[in-house]
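Observations on the model geometry
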Amino acid sequence: MSNTPPEHAPLVQFDVQDDCLQIGGMALIRLAQRVGSTPFYAYDRQKISERIALLRRHLPQEILLHYAMKANPMPAVVQHVAGLVDGLDVASSGEMRVALDTGLPPDKISFAGPGKRDYELRSAIAAGVMLNIESVQELESVAQLGVSLGITPKVAIRVNPDFELKSSGMKMGGGPKPFGIDAEYVPDVLKRLAALDLDFAGFHIFSGSQNLNAAALQEAHQKTVQLAIQLAGYAPAPVRLLNIGGGFGVPYFPGERALNLAAIGENLQRLIVEAERQLPGVRIALELGRYIVAEAGIYVCRVLERKISRGQVFLITDGGLHHHLAASGNFGQVIRKNYPVVIGNKVRGTEREVVSVVGPLCTPLDVLADQLPMAKAAAGDLVVVLQSGAYGLTASPTAFLSHPLPVEVFV
Ligand SMILES: *Cc1c(COP(=O)(O)O)cnc(C)c1O
């Protein structure tokens, strides 16, 4: 045992054979040949299935498990996930089209997000998709559009809670927020809702993303259920659905540990009993994005050049922040830390060295790994950024510097 700090989050998700990372039942070298060009993203269907099975094992049977598509909206991924979860959550009409293409019944799809355009609301109502209402203006628009279409829209009220999710990477609720309706105004909004031709289904309360602290999530779930019970007293109809959001985190950085799912499951079991006593017939839904797909995906780019500048080694690759903004540290991180990055075709290597992995963009922000120990690499080797299945390609500024788009494969 040494006292040196870990280089990155533990590499446990993919097998290594003959020092080559294995994904989708094949060696990365073979997959790269099959794809035919770098960079590319690869997502492993088996890993996604296993992750959902793990969730089912630890969560109460009564919980509805939804997938929040914005984490990874690749149609093949969404199609696969749709067969394993109870619903899909979308955040644009573009995502809604992919969700409907899966064949999932529209009443298992919900649509959240501020600033929904009329054309988005109209197509959601026409499709029979549930709308999570983010403001009073949106409530009025949905009611009017429903009348003009001759359809009663199905709605849930998204509540901006009066508490925050502690130790969360990105806060989505509590304090002033563009998301949802402030909890203190919800009773008035429910009164207005009762006068409109709307099918009230329940509440949507999501407080934050990328959380690895089970106690913080337990507390947020507890407060969310309490708030829903309180607000249900003002509702025009029984609360059938309580969507408590997503936000389960995955380890990216040195020292981070996987979430204690068992503790979260046990707490939810207690909360379900409580919720059912106070809100008979209610179903609780979790809408997870990152947790379902993040660890099943990798980003692969090729070393173009090993360059030494004043004693520091740089691996210049054909991939970078234009494809993977999060790995560069520019997507919601306060202090830049390294994602787990390895040389995929020599994971351990015979020689190791400390290197910085950069992309081809003319900006000092284009860093995939900063002074990270890894196998000594040369031009042609494959750099792999792990934990890249969520908030990767579609969360990146792909037009920046006009390089080609990477391929995505689902293996
Ligand atoms: C982004 C988002 C999610 C998913 O969050 P994760 O942290 O990826 O689990 C869930 N619900 C809503 C409304 C979102 O906007």
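Residues numbered from 1 in each chain as written. Predicted model: local features only at pLDDT ≥ 70, side-chain atom pairs only at ≥ 80, totals over all residues. Heavy atoms only, no water.

Focus: the sheet that holds strand β3 (residues 26-27)
Read across the sheet, three strands follow the order β1-β2-β3 without closing on themselves; strand pairing throughout is antiparallel. Of all the strands in the sheet, just β1 (16-17) and β3 have a single pairing partner and so form its edges. Bridge analysis of β1 against strand β2 (residues 20-23) gives two bridges, and the strand direction is antiparallel. From the neighbouring strand, Val 16 faces β2, where its bridge partner is Leu 21. (Pairing = 2+ DSSP bridges. Helix = DSSP H or I, 4+ residues; strand = E, 2+ residues; numbered from the N terminus.)

Describing the pattern of salt bridges
Side chains carrying opposite charge are able to pair once their charged atoms draw close together. Tallied over the full model, the rule gives twelve salt bridges. Residues Lys 116 and Glu 138 are paired through a salt bridge, measuring 2.7 Å at the closest nitrogen-oxygen approach. Within this pair, whereas Lys 116 is found in the loop between β7 (109-111) and α5 (118-127), its partner Glu 138 is found in helix α6 (residues 136-149), the two being separated by 22 residues in sequence. By relative accessible area, which is 9% here, Lys 116 ends up buried. (Salt bridge = Lys/Arg side-chain N within 4 Å of Asp/Glu carboxyl O. Buried < 20%, exposed > 50% of the residue type's maximum accessible area, 1.4 Å probe, protein only.)

Some details on the site of the ligand
Every one of the 14 residues lining the ligand counts as a neighbour, but Lys 70, Ser 209, Glu 287, Arg 290 and Tyr 391 are closest to it. Here an oxygen atom of the ligand and a backbone polar atom of Gly 247 are 2.9 Å apart. Tyr 391 places a side-chain nitrogen or oxygen 2.6 Å from an oxygen atom of the ligand. For the ligand, whose unbound accessible area comes to 390 Å², protein coverage reaches 93%. Split into classes, the residues belonging to the shell around the ligand amount to five nonpolar, five polar and four charged. (Near = heavy atom within 4 Å. Polar contact = N/O pair within 3.5 Å; in protein donor to acceptor, adjacent residues only side chain to side chain. Areas by Shrake-Rupley, 256 points an atom, 1.4 Å probe, with all protein chains shown as cover. Nonpolar A, V, L, I, M, F, W, Y, C, P; charged D, E, K, R; others polar.)

Considerations on the packing of α5 against α6
Two elements in contact, α5 and α6, have axes separated by 10 Å at closest approach and are oriented at 55°. If you check the angle between α5 and α6, you find them oblique. As for the relative orientation of α5 and α6, their crossing is right-handed in sense. Across the interface between the two elements, Asp 118, Leu 121, Arg 122, Ile 125 and Ala 126 of α5 pack against Glu 138, Ser 141, Val 142, Leu 145, Gly 146 and Leu 149 of α6. Partitioning the contact of α5 with α6 into residue classes produces six nonpolar, two polar and three charged. (Axes fitted to C-alpha atoms, helices over the stretch in contact; angles between N-to-C directions. Parallel < 35°, antiparallel > 145°, perpendicular 65-115°, else oblique. Left-handed = near helix turned anticlockwise from the far one by under 90°. Contact = heavy atoms within 4.5 Å.)

Regarding the environment of Gln 22
Secondary-structure assignment places Gln 22 in strand β2. Considered as a pair, Gln 22 and Gly 247 are 225 residues apart in the sequence and their alpha carbons are 28 Å apart. If near-sequence neighbours (up to four positions away) are discounted, Gln 22 is found in contact with Phe 14, Asp 15, Val 16, Gln 17 and Ala 27. Within the structure, the side chain of Gln 22 is placed 3.0 Å from the backbone oxygen of Cys 20, a separation counted as a polar contact.

Remarks on the pairing of strand β17 (residues 312-317)
Sheet topology places strand β16 (residues 297-309) next to β17; six bridges connect them, and they run antiparallel. Across the sheet, residue Glu 305 finds its bridge partner in β17, namely Ile 316. In textbook terms, the turn of a hairpin is the stretch between consecutive antiparallel strands, and for β16 and β17 this stretch comprises two residues, one of which, Arg 310, has a positive phi near 50°. Sheet analysis places β17 next to strand β19 (residues 352-358), joined by four bridges and oriented parallel. Counterpart to Ile 316 in the pairing with β19 is Val 358.

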